[in-house]
Amino acid sequence: MRAAGKTRGLVWTAAACITVSLLVMIAASVAGPSISVPVMRHTPAGGPPWWVSLGLPDDFVLFTLWGAAVIAAVGVAAGLIAVARGARPPVRALLAASFIAVAAFTVLPPAGSSDAQSYAIDGNMVVLGHSPYVDTPGQMALLGDRLALGSPVTWRRSLSDYGPLATAEEWASAELGGSSMALITSWLKLWVAVAFGAVVLLLDRLLRGDPAMRLRAHLLWSLNPLLIWEIVASGHIDGLAIAAGLAGLVTLRFLPPGNRPALMRCVAAGALLGAAAAIKSPFALFALGAVWAVRRSPAAIASVVGGWLAVTVPCYVIAGGPALQVLFRRGSQVTWDNLYQVLYRPFGLAGDLGSNQTPGVVHVGALILFIMVALLLLFRLPDRVPGLPAVAPALALSLGWIFFWPFQRPWYDVMIIAPLALYPRSRLDMLVLIRLCFGAITYMEAAYVPQSQWVQQVQLIEGQWVTSSVRLLTAAALIWLCITRRWGLQPAETSVTASPPVLEPLT
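Since the model is a prediction, treat every value here as computed from it, not as a measurement.

Enquirer: Mind showing me how you'd approach the overall build of the chain here?
Expert: Summing up its helical and strand segments, the chain has 20 helices and zero strands in all. Here the C-alpha atoms of the chain give a radius of gyration of 22 Å, agreeing with the 23 Å that 2.2 N^0.38 yields for 507 residues. Projected onto its principal axes, the C-alpha positions of the chain cover 60 × 60 × 55 Å. Excluding contacts between residues fewer than 6 apart, the proportion of contacts in the chain whose partners are at least 24 apart in sequence is 79%. For the chain, the computed accessible surface area is about 19,900 Å², with 68% contributed by carbon and sulfur atoms. Positive and negative side-chain charges of the chain, numbering 33 and 23 respectively, have mean locations separated by a distance of 12 Å.

What follows is the structure, encoded as structure tokens:
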């Protein structure tokens, strides 16, 4: 009885924390322009997006959202523990809450990032006959582009490094939104919200035969306030990429030898993974994971690669050479909360934000570590997703890149959370959740510097030391799990496929 009472307490804790966190985040978005909600120019007469300008102070908004992020992580963790102990809350209630939260954020202004504004400007460039791979927002502003006049400082001199399909989505949103920045960002957020919802439904369908796995997936993805904030509230393009990428991973299934549909599935999987990479280039790691999964079959490898090339090559041919060139121009940058600065910052080897004076050896070391850890994970991470051979390799490669590459944002973590939702419960769950929580805290301010000096100092300490230390410790913990193989996997798993898998290799 005492154990049952503790489990009920965890369920109520999860429900309360997740609800409070989502309500705080929604309230911050409703309150209009602030340190976390960028000013929206050229607003439409009737909306969306809708908000009420309350002019809340920087410190109140920022620290309230920090608290909401911590509460969100506690709520998700409590829910995961409760499910592991046998709790089975109604799935329909979780789905309803998820879709309500997603719908609410969709009709509110972008929050937690100014990236949606950058997307809108890039899309408007295409409408005006320019290329975001050739012209910067600053150049467009000099040419009289009204939208570019209010471009975020962070991206004013930067070219777009997103894939051609991402640019196509931005172009479509700009066509539909016309001259209104607010309306264009609403369309951008709508596409992302639909993609996020599609992943919710895909996970639910794949896991419907296993109540525990189903609930766990919805806690990690569907009703995770941190993820909803980073993807839907902010309108990040990563939501589109992960929808295509996850669909590609689950399309690749084990089928009997000699089965022709097996190769067709490989082609379809490759095409979906190509679409993901044509939205955002790091998702090419998913394709590598798929190739690894079918490495014993030359025909399957050719089918996956052929499907991938059939999508990516035409996209980049249409976009032109500059779309490829920009991928290499930002390769030497780091984010100001990267894990390596804990080692080099004490020696005065970093600029104010850890990007201008970063030692060149960092990227060499990061590349070596990424490759080593990715290979270690490929051989050490157990394949515990029956019937879906590409999920574990894609998760392994993504973990290596997300944990060790020095340029990371919290919304990039969709690359590991979506495949992790199909993976059985393990110590990875809490490791990923902790890392996401502190990353989200660091990027609550929508790229704006607080006006108050003391708030700036607190923010810098949090990003440069607290979050970077958490990133370093979680990276070390990941290596420890690889070496010791103490993944904490539950002893038995059932299939996560919609139909019973045939555990035979593709031919």
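Enquirer: What am I meant to see in the packing of helix H2 (residues 58-84) against helix H19 (residues 428-442) here?
Expert: Working note: a packed helix pair is described by the angle between its axes plus the distance between those axes. In contact at an axis separation of 9 Å, H2 and H19 are set at 170 degrees when each is read in the N-to-C sense. One way to sum up the angle between H2 and H19 is to call them roughly antiparallel. When the axes of H2 and H19 are compared, the crossing they make is right-handed. On H19, the residues touching Trp-66, Ala-69, Val-70, Ala-73, Val-76, Ala-77, Leu-80 and Ile-81 of H2 are Asp-429, Met-430, Leu-433, Cys-437 and Ile-441. Across the contact of H2 with H19, the residue classes tally to twelve nonpolar, no polar and one charged.

Enquirer: Can you help me understand the side chain of Ser-398 in this one?
Expert: Structurally, Ser-398 is set in helix H17 (residues 391-404). A polar contact is formed between the side chain of Ser-398 and the backbone oxygen of Ala-394, at a distance of 2.8 Å. Excluding its chain neighbours within four sequence positions, the residues that come into contact with Ser-398 are Phe-286, Met-415 and Ile-416.

Enquirer: For this particular structure, what's the right way to read the packing of aromatic side chains?
Expert: Any aromatic ring pair is given by two values, namely how distant the centres are and how the planes are angled relative to each other. Applying the stated criterion across every chain, the model contains eleven aromatic pairs. On the basis of an interplanar angle of 35 degrees and a centroid distance of 5.4 Å, the ring pair of Trp-187 and Trp-191 is categorised as tilted. With Trp-187 and Trp-191 both in helix H7 (residues 181-206) and four residues apart, the pair spans about one turn of that helix. According to the relative accessible area criterion, Trp-187 is partly exposed, its value standing at 25%. You can call Trp-191 partly exposed: its relative accessible area is 29%. Pairwise contacts between aromatic rings join Trp-401, Trp-411, Tyr-412 and Tyr-443 into one cluster. Positioned above the aromatic ring of Phe-403 is the side chain of Arg-435, whose terminal nitrogen or guanidinium carbon lies 4.9 Å from the ring centre.

Enquirer: Any chance you could explain H17 here in plain terms?
Expert: In an α-helix, one turn spans 3.6 residues; hence positions three or four apart end up facing the same way. Taking 1.5 Å per residue as the helical rise, H17 with its 14 residues ought to reach 20 Å, and the 20 Å between its terminal C-alpha atoms agrees with that figure. Of all 14 residues that make up H17, 14 are buried, and the element is covered over most of its length.

Enquirer: It is not clear to me how the nonpolar core should be interpreted in this structure. Could you clarify?
Expert: What tends to happen in soluble globular proteins is that the nonpolar side chains get buried as a cluster. Core analysis: the biggest nonpolar cluster contains 151 residues, and Trp-221 and Phe-403 have the highest contact counts within it. Excluding residues within four positions of it along the chain, Phe-403 makes contact with Leu-339, Ile-416, Leu-431, Val-432, Arg-435, Thr-474, Ala-475 and Leu-478.

Enquirer: I tried to follow helix H8 (residues 211-222) on my own but got confused; where do I start?
Expert: Burial analysis of H8 places ten of its twelve residues in the buried class, the great majority of the element. All of the buried residues in H8 are Ala-212, Met-213, Leu-215, Arg-216, Ala-217, His-218, Leu-219, Leu-220, Trp-221 and Ser-222.

Enquirer: Please clarify how the pattern of salt bridges should be interpreted in this entry.
Expert: Between side chains of opposite charge, a pair can form as their charged atoms come close. Counted by the stated rule, this structure contains five salt bridges. The closest approach of N and O atoms between Arg-214 and Asp-204, which form a salt bridge, is 2.7 Å. Taken together, the positions of Arg-214 in helix H8 and Asp-204 in helix H7 put the pair ten residues apart, joining distant regions of the chain. The partner of Asp-429 in a salt bridge is Arg-216, with the nearest N and O atoms 2.8 Å apart.

Enquirer: Can you walk me through the environment of Leu-433 in this structure?
Expert: On the secondary structure map, Leu-433 appears in helix H19. Those residues in contact with Leu-433, other than ones at most four positions away along the chain, are Ala-73, Val-76, Ala-77, Asn-224 and Leu-226.

Enquirer: Honestly, the confidence of the model for the chain in this entry has me stumped. Any pointers?
Expert: As a general rule, the predicted coordinates of low-pLDDT regions are not to be interpreted in detail. Within the chain, residue pLDDT values average 89, and 91% of them lie at 70 or more. Here residues 352-356 is modelled with pLDDT under 50, and outside its nearest four sequence neighbours on either side it reaches twelve contacts, counting other chains as well. Ignoring residues within four places in sequence, the model shows residues 497-507, a span with pLDDT below 50, making 36 contacts including any to other chains.

Enquirer: What exactly am I supposed to notice about a nonpolar patch on the surface here?
Expert: Together, Val-305, Leu-309, Val-313 and Val-317 make up a nonpolar patch on the protein surface, roughly 320 Å² of accessible area in all. Relative to the assigned elements, Leu-309 resides in helix H13 (residues 298-319). Leu-309 gets classed as partly exposed once you look at its relative accessible area, which sits at 39%.

Enquirer: Where do I start with unusual backbone geometry in this structure?
Expert: Across residues other than glycine, the phi torsion is negative in most instances, and most of the peptide bonds are trans. The residue Arg-485 is not glycine, and still its phi comes out positive at about 60 degrees. Along the chain, the position of Arg-485 falls in the segment after helix H20 (453-484).

Enquirer: Would you mind going over the side chain of Ser-160 with me for this structure?
Expert: Position of Ser-160 relative to the elements: it lies in the loop between helix H5 (137-142) and helix H6 (164-177). In this structure Ser-160 comes out as buried when scored by relative accessible area, which is 5%. Among the polar contacts listed, one links the side chain of Ser-160 to the backbone nitrogen of Tyr-162, at a separation of 3.3 Å. Every residue in contact with Ser-160, bar those within four places of it in the chain, is listed here: Asp-122, Pro-132, Tyr-133 and Val-326.

Enquirer: Would you mind going over the packing of H2 against helix H9 (residues 225-233) with me for this structure?
Expert: In the contact formed by H2 and H9, the axes pass within 8 Å of each other and the chain directions differ by 130 degrees. The angle between the axes of H2 and H9 places the two elements in the oblique class. Between H2 and H9, the residues in contact are Leu-65, Ala-69, Ala-72, Ala-73 and Val-76 and Pro-225, Leu-226 and Trp-229, respectively. Classifying every residue of the contact of H2 with H9 gives eight nonpolar, no polar and no charged.

Calculation rules
- Residues numbered from 1 in each chain as written.
- Predicted model: local features only at pLDDT ≥ 70, side-chain atom pairs only at ≥ 80, totals over all residues.
- Heavy atoms only, no water.
- Helix = DSSP H or I, 4+ residues; strand = E, 2+ residues; numbered from the N terminus.
- Rg over C-alpha atoms; globule rule 2.2 N^0.38 Å.
- Contact = heavy atoms within 4.5 Å.
- Areas by Shrake-Rupley, 256 points an atom, 1.4 Å probe, with all protein chains shown as cover.
- Lys, Arg positive; Asp, Glu negative; His and termini not counted.
- Charge placed at Lys NZ, Arg CZ, Asp CG, Glu CD.
- Axes fitted to C-alpha atoms, helices over the stretch in contact; angles between N-to-C directions.
- Parallel < 35°, antiparallel > 145°, perpendicular 65-115°, else oblique.
- Left-handed = near helix turned anticlockwise from the far one by under 90°.
- Nonpolar A, V, L, I, M, F, W, Y, C, P; charged D, E, K, R; others polar.
- Polar contact = N/O pair within 3.5 Å; in protein donor to acceptor, adjacent residues only side chain to side chain.
- Phe/Tyr/Trp six-rings, centres within 6.5 Å; stacked < 30°, edge-to-face > 60°.
- Buried < 20%, exposed > 50% of the residue type's maximum accessible area, 1.4 Å probe, protein only.
- Lys NZ or Arg CZ within 6 Å of the ring centre and 35° of its normal.
- Expected span 1.5 Å × (residues − 1).
- Core = buried A, V, L, I, M, F, W, Y, C linked by side-chain atoms within 4.5 Å.
- Salt bridge = Lys/Arg side-chain N within 4 Å of Asp/Glu carboxyl O.
- pLDDT = per-residue confidence, 0-100.
- Patch = residues over 30% accessible without salt bridge, like charges linked within 9 Å, V, L, I, M, F, W, Y side chains within 5 Å.

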